[in-house]
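# Structural overview
Here are the chains, one letter per residue:
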Amino acid sequence: ATTLVLGALFDGYVDAARRRVLDEQEAVRRAEAEARRQAEEALLVSEARFRTIFTDAAVGIGIADLDGQIVEANQSFAAMLGYTVEEFCRLSVADFVYPDDAAGMWEAYREIIEGRRDLARMQKRYRHKDGHLVWTELTASLMRDRDGTPQFTVAMVEDITDRLRLEAELRFQAVHDPLTQLPNRALFQERLAAAFATPGSRIGVCYLDLDGFKPVNDAHGHAIGDRLLVEVAQRLKACTRAGDTVARLGGDEFVLLFSELEDLRE
């Protein structure tokens, strides 16, 4: 009887232990399934967030393989160059890049493709679908796989054409006379200094003002006086060569800078 009791107790213990192990295994399985579900859900949320950012970003974003074939691009990048997204993704980088970029640009891009560099920032020109050039601020980076092997290049581009045009206009206005569009005193002095700094150069400087200019202004008004100054500026420009400088110093004062006078010895 004792043996039967002990056997029953042992069987009960084993059965309880088996159920406990099975329960623990089931709990582990459920925990793993829940963790996997949460990870997949987090990944989907992350991918959806990235997709939203990629699609709706104001800056252009493009992904290309290491041969330069466009793999994916957002609407901003495609529209920046005059394409639909579908058209743009049929292109290679070589189809719209500008070949005569600044020195070092292609070297930096090659270093990225070869995995020797992960990031580069530069100003770069692209060809628009209709042929004109688009200036961009480009950030190019490298995407690697889990083993660290280069897979894709990612380009983030911002159209800065209007900004550069405005900067050029402001620079022009800073060194040119607003009435005649001739170089002003500051630009003339800069060019004169550069001419003197050239060894062995022969230059000529001619200063002139307009006799009787004040009576013209007094008798006919400043509008007529301004027209006279513009006409004088145009005639002086017509009498000089492409490399010479005609500048307005102010008022009715003009100055001419002639360079490379060796050409005029005859």
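Placed above this text is the structure.
Summary of the structure given here. (Residues numbered from 1 in each chain as written. Predicted model: local features only at pLDDT ≥ 70, side-chain atom pairs only at ≥ 80, totals over all residues. Heavy atoms only, no water.)

### Considerations on the overall build of the protein
Condition: Labels follow the DSSP assignment, with helices taken as runs of H or I lasting at least four residues and strands as runs of E lasting at least two, numbered in each case from the N terminus. Relative accessibility thresholds used throughout: buried, under 20% of the residue-type maximum; exposed, over 50%; partly exposed, between the two (1.4 Å probe, protein chains only). When checking whether two residues touch, look at their non-hydrogen atoms; a contact exists if any pair is within 4.5 Å. Each accessible area is a Shrake-Rupley estimate made with a 1.4 Å probe; only the visible protein chains count as cover when residues are assessed.
The secondary structure content of the protein amounts to eight helices and eight strands. Expressed as a percentage of the 266 residues in the protein, the buried residues total 30%. Restricting to contacts in the protein with at least 6 residues of sequence separation, those with at least 24 account for 45%. Surface accessibility of the protein: about 17,500 Å² in total, with carbon and sulfur atoms responsible for 56%.

### Topic: the packing of helix α7 (residues 213-220) against helix α8 (residues 222-238)
How two helices pack is summed up by the angle between their axes together with the distance between the axes. Inclusion rule: Here an axis means a line fitted to C-alpha atoms, over the contact stretch when the element is a helix, while the angle between two N-to-C directions is reported on a 0 to 180 degree scale. Oblique is the label for any angle not under 35 degrees, not over 145, and not in the 65 to 115 range, which are roughly parallel, roughly antiparallel and roughly perpendicular in turn. In the scheme used here, Gly and all other residues not listed as nonpolar or charged are polar, with Ala, Val, Leu, Ile, Met, Phe, Trp, Tyr, Cys and Pro taken as nonpolar and Asp, Glu, Lys and Arg as charged.
The geometry of α7 relative to α8 is characterised by a closest axis approach of 7 Å and an angle of 140 degrees between their N-to-C directions. By the angle between their directions, the pair α7 and α8 is classed as oblique. Only His222, Ile224, Gly225, Leu228 and Leu229 of α8 make contact with α7, whose side of the interface consists of Phe213, Val216, Asn217 and His220. A class-by-class count of the residues in the contact of α7 with α8 yields five nonpolar, four polar and no charged.

### Quick look at the packing of aromatic side chains
Applied cut-off: Only centres within 6.5 Å qualify two rings of Phe, Tyr or Trp (six-membered ring in Trp) as a pair; their planes then separate them into stacked at under 30 degrees, edge-to-face at over 60, and tilted for everything else.
Considering all chains together, one arrives at six aromatic pairs under this definition. An angle of 55 degrees between the planes, with centres 4.9 Å apart, marks the rings of Phe77 and Phe88 as tilted. With a gap of eleven residues between them, Phe77 in helix α2 (residues 75-80) and Phe88 in helix α3 (residues 85-88) connect regions that are remote in the sequence. Of the residues examined, Phe77 reaches a relative accessible area of 3% and is grouped as buried.

### Comments concerning helix α6 (residues 185-197)
Structural remark: α-helix, 3.6 residues per turn; residues separated by three or four positions point the same way. The condition that has to hold: Expected helix span is computed as 1.5 Å times (number of residues minus one). Working note: the arc is built from the helix axis to C-beta atom directions.
Over its 13 residues, α6 extends 18 Å from the first C-alpha to the last, a length consistent with the 18 Å expected when each residue adds 1.5 Å. Residues of α6 that are buried include every one of Leu187, Phe188, Leu192 and Ala195, and no others. Projection of α6 onto a plane perpendicular to its axis shows the buried side chains occupying an angular sector of 135 degrees, all on one side. With respect to the buried face of α6, the exposed residues turned more than 90 degrees away are Glu190 and Ala197.

### Structural notes on helix α4 (residues 105-113)
Turning to α4, its buried residues are Met105, Ala108, Tyr109 and Ile112. Down the axis of α4, the smallest arc covering the buried residues is 100 degrees, so these residues share one side. Looking at the buried side of α4, the elements it contacts are β3 (119-127), β4 (133-144) and β5 (150-159). Downstream of α4 by a residue or two, Gly115 has a phi angle that is positive, lying close to 80 degrees.

### Some details on the pairing of strand β2 (residues 70-73)
Counted only if it meets this: Strand pairing requires that DSSP identify at least two bridges connecting the strands.
Where strand β1 (residues 60-65) and β2 come together, three bridges link them in antiparallel fashion. Across the sheet, Ile63 pairs through a bridge with Glu72, a residue of β2.

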